[in-house]
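Secondary and tertiary structure notes
The lines below spell out each chain.
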Amino acid sequence: RGLGGTSRKVEDGWIAVDCRNWVVHVQDEETRTAVDLEGLWAGEEGRRLRDLASRGDEDAVDEYVAANPIPDAYARRVLFD
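A tally of regular secondary structure across the protein gives five helices and three strands. Taken from N to C terminus, the helices and strands of the protein fall in the order β-β-β-α-α-α-α-α. In the protein, which comprises 81 residues, the proportion classed as buried is 17%. At a minimum sequence separation of 6, the contacts of the protein that also span at least 24 residues come to 19%.

As structure tokens, then:
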């Protein structure tokens, strides 16, 4: 059984591959440093979101994301002016 997913270019230096149950982000070093996905998932907010996601409750994840938008400082780093 193959990956069966899709991929798309997010920005120069970043491709996201949807492998059904996983999404793989392939980034060059500059993009990885700027985007810092690991930092986005760190801390209490990241733990809460991982907990909701691990339960498979998509509605709860959607509600959490709607109520907790990406912090402005992070958004400024990833908008690739």
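So, about the side chain of Thr31. As for its position among the elements, Thr31 is in helix H1 (residues 29-35). Separated by 2.8 Å, the side chains of Thr31 and Asp28 make a polar contact.

On to helix H3 (residues 43-54), then. In this model, H3 (twelve residues) spans 16 Å end to end at C-alpha, consistent with the 16 Å of a helix rising 1.5 Å per residue. Residues of H3 that are buried in the fold lie against helix H2 (37-40) and helix H4 (58-67). Phi for Gly56, located one or two positions after H3, is positive at around 75 degrees.

Right, let's get into the nonpolar core. Residues Leu49, Leu52, Ala60, Val61 and Tyr64 constitute the largest nonpolar core, which totals five residues. Setting aside its immediate chain neighbours within four residues, Leu52 contacts Asp57, Ala60, Val61 and Tyr64.

Moving on: the packing of H3 against H4. Taken N-terminus to C-terminus, the directions of H3 and H4 make an angle of 155 degrees; their axes are 8 Å apart at the nearest point. In terms of orientation, H3 and H4 fall into the roughly antiparallel class. H4 is crossed by H3, and the crossing has left-handed handedness. Two secondary-structure elements touch here, H3 through Glu45, Arg48, Leu49, Leu52 and Ala53 and H4 through Ala60, Val61, Tyr64 and Val65. Residue composition of the contact of H3 with H4, grouped by class: seven nonpolar, no polar and two charged.

As a further point, take the pairing of strand E2 (residues 14-18). Two elements, E2 and strand E3 (residues 23-27), share five bridges in a ladder whose sense is antiparallel. Looking across to E3, one finds that Ile15 is bridged to Val26. The antiparallel pairing of E2 with E3 creates a hairpin that spans four residues between the two strands, and Arg20 there sits at a positive phi of about 70 degrees.

Turning to H4, its buried residues are Ala60, Val61 and Tyr64. The buried residues of H4 occupy one face: seen down the axis, they fall within an arc of 100 degrees. Of the exposed residues in H4, those oriented more than 90 degrees away from the buried face are Glu58, Asp59, Asp62, Glu63 and Ala66. Contacts made by the buried residues of H4 are with H3.

Quick notes on the rules
Residues numbered from 1 in each chain as written. Predicted model: local features only at pLDDT ≥ 70, side-chain atom pairs only at ≥ 80, totals over all residues. Heavy atoms only, no water. Helix = DSSP H or I, 4+ residues; strand = E, 2+ residues; numbered from the N terminus. Buried < 20%, exposed > 50% of the residue type's maximum accessible area, 1.4 Å probe, protein only. Contact = heavy atoms within 4.5 Å. Polar contact = N/O pair within 3.5 Å; in protein donor to acceptor, adjacent residues only side chain to side chain. Expected span 1.5 Å × (residues − 1). Core = buried A, V, L, I, M, F, W, Y, C linked by side-chain atoms within 4.5 Å. Axes fitted to C-alpha atoms, helices over the stretch in contact; angles between N-to-C directions. Parallel < 35°, antiparallel > 145°, perpendicular 65-115°, else oblique. Left-handed = near helix turned anticlockwise from the far one by under 90°. Nonpolar A, V, L, I, M, F, W, Y, C, P; charged D, E, K, R; others polar. Pairing = 2+ DSSP bridges. Arc of directions from axis to C-beta.

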